[in-house]
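The primary structure of each chain is shown beneath.
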Amino acid sequence: MKFRKLAALGVTAAAALGIFGAVTAQDALSGDLEIFSWWTGGGEAAGLEALIASFTETNPGVNIINSAVAGGSGVNARAVLTTRMLGGDPPDTFQVHAGAELNDLWVRAGLMEPLNDIFEANGWMEQYPQGLLDLISDDAGNIYSVPVNIHRSNVLWYVPGNLEEWGVTVPANWSEFVDTTCPALQAAGVTPLAVGENWTQAHLWESVALAELGVDGYNGLWSGATSWTSPEAVGVWETFGQVLACSNDDRNALSWQDASRQVADGEAAFNIMGDWAAGYFLVDLALEPGTGFSWAASPGTDGTFMMLSDTFGLPVGAPNATNVRAWLTFLGSAEAQDIFNPLKGSLPANTTADIGNAELYNAYFQDAYADWTGNAIVGSQAHGAVASPAFTNGFSGIIASYGADGDASSAAANTATLALQTGIGG
Ligand code: GAL
């Protein structure tokens with residue numbers, strides 16, 4: 001008894017004196033931590049690697065396995081993930097978009113662990129915006145993932161000096177782009193709009209839909225209030241076709257980075273892409289915001305911020321759940337978000353992060369943050385916020401057919417069928 005007391009005292013005193021160094025519970029962690037994502041290059045990979053480096057510093061005993069699968073917007077990663085999840089071989093933690101992509105697939109299938117204890121223990125219920133918490137929770141209030149960022153989908157990218165040289169300005173809406181900007185650029189031998197592979201076309205489509213339908217009309221597509229076969233919805237496809245006609249013919253062969261690069265290189269005037277393109281311009285191409293590249297809301301969507309959020313969760317049966325919990329606790333912290341987001345091109349989701357620090361978050365982030373906090377917010381379809389993977393997978397087929405036949409009425413009718421089949425708006 002005496003010995004035990006003494007020993008306990010000794011430990012306390014040693015800890016107080018710092019004899020054991022900065023001893024924390026996390027120092028005891030060991031074993032693997034497999035992190036599954038689709039961040040394999042540029043600013044995206046740099047952001048992830050910076051997070052891993054910082055986590056490993058505090059948790060040197062944990063062996064990180066970075067299982068990123070290449071392919072923009074997770075087109076390849078999601079297929080691998082599904083095979084693994086359904087085959088009883090889940091990664092320890094995986095990237096998943098907040099919203100329907102998380103809830104309508106993995107949560108509905110009962111394959112995710114609730115994480116409320118982590119949110120409560122870290123004060124995150126007050127530190128994360130309620131709208132975002134809603135996107136990662138089920139109706140019973142169970143929270144299933146930790147957001148690492150807020151991305152914006154509806155961004156138009158360009159190089160100011162190039163526009164000046166070609167004698168064009170940023171188009172305020174799609175009719176200005178189609179009627180004025182596009183022909184002027186074509187006459188100058190410049191691709192008006194650089195577009196990439198299938199998912200980037202769906203990404204463009206949602207910006208066109210938001211512009212043509214407005215906030216209520218766009219939201220109505222997902223709530224059921226806007227009919228997919230209404231003249232307005234058919235009109236979205238018609239405009240989309242006119243916009244595609246102003247883009248490069250080889251779009252199906254281009255990655256999102258290829259398309260963004262065409263703008264930076266002066267081959268194309270504009271590109272519509274999420275603000276991971278900011279990460280690409282800043283980190284991969286080392287361009288200066290405002291001169292090397294610049295931005296505006298996609299035509300006709302000024303005043304609206306189309307959001308998506310990358311999050312990480314804990315699947316049921318994850319082999320190293322304790323390590324995942326430590327990783328998620330780190331990911332959601334202001335500290336981690338300030339490490340990750342300046343490289344990724346996104347805003348921190350945790351409102352206590354240091355977004356006001358202009359050294360860390362340059363002019364692009366300051367502008368995006370003003371819009372995030374001041375604009376109307378809608379959710380991205382192409383990146384899982386408002387539509388399930390079932391819808392999104394089917395929609396990629398419709399985008400491909402439309403690219404081949406340009407038939408707006410049949411695209412609208414096929415989307416209406418898809419929406420019925422996948423429970424959109426129901
Ligand atoms: C999105 C994802 C972004 C970025 C982008 C391009 O779906 O949310 O973080 O990775 O794809 O791959």
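What you are looking at is a predicted structure, and each value in this text was computed from that prediction instead of being measured.

J.: Where do I start with the overall build of the protein chain in this structure?
T.: Looking only at helices and strands, the protein chain has 18 helices and 12 strands in total. The C-alpha radius of gyration of the protein chain comes to 23 Å, within 12% of the 22 Å expected for a compact globule of 426 residues. Taking the principal axes of its C-alpha atoms as reference, the protein chain extends roughly 90 × 45 × 35 Å. Looking at the protein chain as a whole, 53% of its 426 residues qualify as buried. For the protein chain, contacts bridging at least 24 residues in sequence account for 77% of all contacts bridging at least 6. Accessible surface for the protein chain amounts to roughly 16,700 Å². Of this, 53% is attributable to carbon and sulfur atoms.

J.: Any chance you could explain the side chain of Thr-93 here in plain terms?
T.: Looking at the element boundaries, Thr-93 is found in strand β3 (residues 93-97). When sequence neighbours within four positions are dropped, the list of residues in contact with Thr-93 reads Glu-34, Ile-35, Phe-36, Phe-312, Gly-313, Pro-315, Val-324, Trp-327 and Leu-328.

J.: Help me out: how do you make sense of helix α11 (residues 231-244) in this one?
T.: A turn of α-helix holds 3.6 residues, and therefore any two residues three or four places apart point the same way. Helix length check: α11, at 14 residues, gives a terminal C-alpha distance of 20 Å against a target of 20 Å (1.5 Å per residue), a fit within 8%. Regarding α11, the residues found buried are Ala-233, Val-234, Gly-235, Val-236, Trp-237, Thr-239, Phe-240, Val-243 and Leu-244.

J.: Help me understand helix α13 (residues 276-284) in this model?
T.: Of all 9 residues that make up α13, 7 are buried, and the element is covered over most of its length. Turning to α13, its buried residues number three or more, namely Trp-276, Ala-277, Ala-278, Gly-279, Tyr-280, Phe-281 and Leu-282. Two residues or fewer past α13, Ala-286 is found with a positive phi of approximately 50°.

J.: Sorry, what's going on with the sheet that holds β3 here?
T.: By definition, the strands of a sheet pair up through backbone hydrogen bonds, in either a parallel or an antiparallel sense. What the 5 strands build is an open sheet, ordered β2-β1-β3-β11-β4; its pairing is mixed. Looking at the sheet topology across the chains shown, the edges are occupied by β2 (62-66) and β4 (145-147). Adjacent strand axes in the sheet meet at a mean angle of 30°, parallel and antiparallel pairs treated alike. Pairing analysis gives 2 bridges linking strand β1 (residues 31-36) to β3, with the strands arranged parallel. Paired with Phe-36 across the bridge in β3 is Phe-94. Packed onto the sheet, helix α2 (residues 42-58) meets β1 and β2 and runs at close to 170° relative to β2.

J.: Would you mind going over the sheet that holds strand β10 (residues 304-308) with me for this structure?
T.: Across the sheet, 3 strands lie side by side as β5-β10-β12; this open sheet has mixed pairing. Every interior strand has two partners, whereas the edge strands, β5 (151-152) and β12 (376-379), have only one. Of the pairings in the sheet, the one linking β5 to β10 comprises 2 bridges and is antiparallel in character. In the sheet register, His-151 faces β10, and the bridge partner there is Leu-308.

J.: Just to check I follow, could you spell out unusual backbone geometry for this structure?
T.: Leaving glycine aside, a negative phi is the common case for residues, and trans is the common case for peptide bonds. Even without being glycine, Ser-73 reaches a positive phi, approximately 60°. Looking at the secondary structure, you find Ser-73 in the loop between β2 and α3 (77-86). Residue classification places Ser-73 among the buried positions, given a relative accessible area of 7%.

J.: Just checking my understanding: could you explain a negative patch on the surface for this structure?
T.: On the surface, a cluster of negative charge is contributed by Asp-249, Asp-250, Asp-258 and Glu-267. Turning to its location among the elements, Glu-267 is positioned in the loop between α12 (256-264) and β8 (268-272). Overall, Glu-267 belongs to the partly exposed group, its relative accessible area being 44%.

Criteria and cut-off values
Residues numbered from 1 in each chain as written. Predicted model: local features only at pLDDT ≥ 70, side-chain atom pairs only at ≥ 80, totals over all residues. Heavy atoms only, no water. Helix = DSSP H or I, 4+ residues; strand = E, 2+ residues; numbered from the N terminus. Rg over C-alpha atoms; globule rule 2.2 N^0.38 Å. Buried < 20%, exposed > 50% of the residue type's maximum accessible area, 1.4 Å probe, protein only. Contact = heavy atoms within 4.5 Å. Areas by Shrake-Rupley, 256 points an atom, 1.4 Å probe, with all protein chains shown as cover. Expected span 1.5 Å × (residues − 1). Pairing = 2+ DSSP bridges. Axes fitted to C-alpha atoms, helices over the stretch in contact; angles between N-to-C directions. Patch = residues over 30% accessible without salt bridge, like charges linked within 9 Å, V, L, I, M, F, W, Y side chains within 5 Å. Salt bridge = Lys/Arg side-chain N within 4 Å of Asp/Glu carboxyl O. Lys, Arg positive; Asp, Glu negative; His and termini not counted. Charge placed at Lys NZ, Arg CZ, Asp CG, Glu CD.

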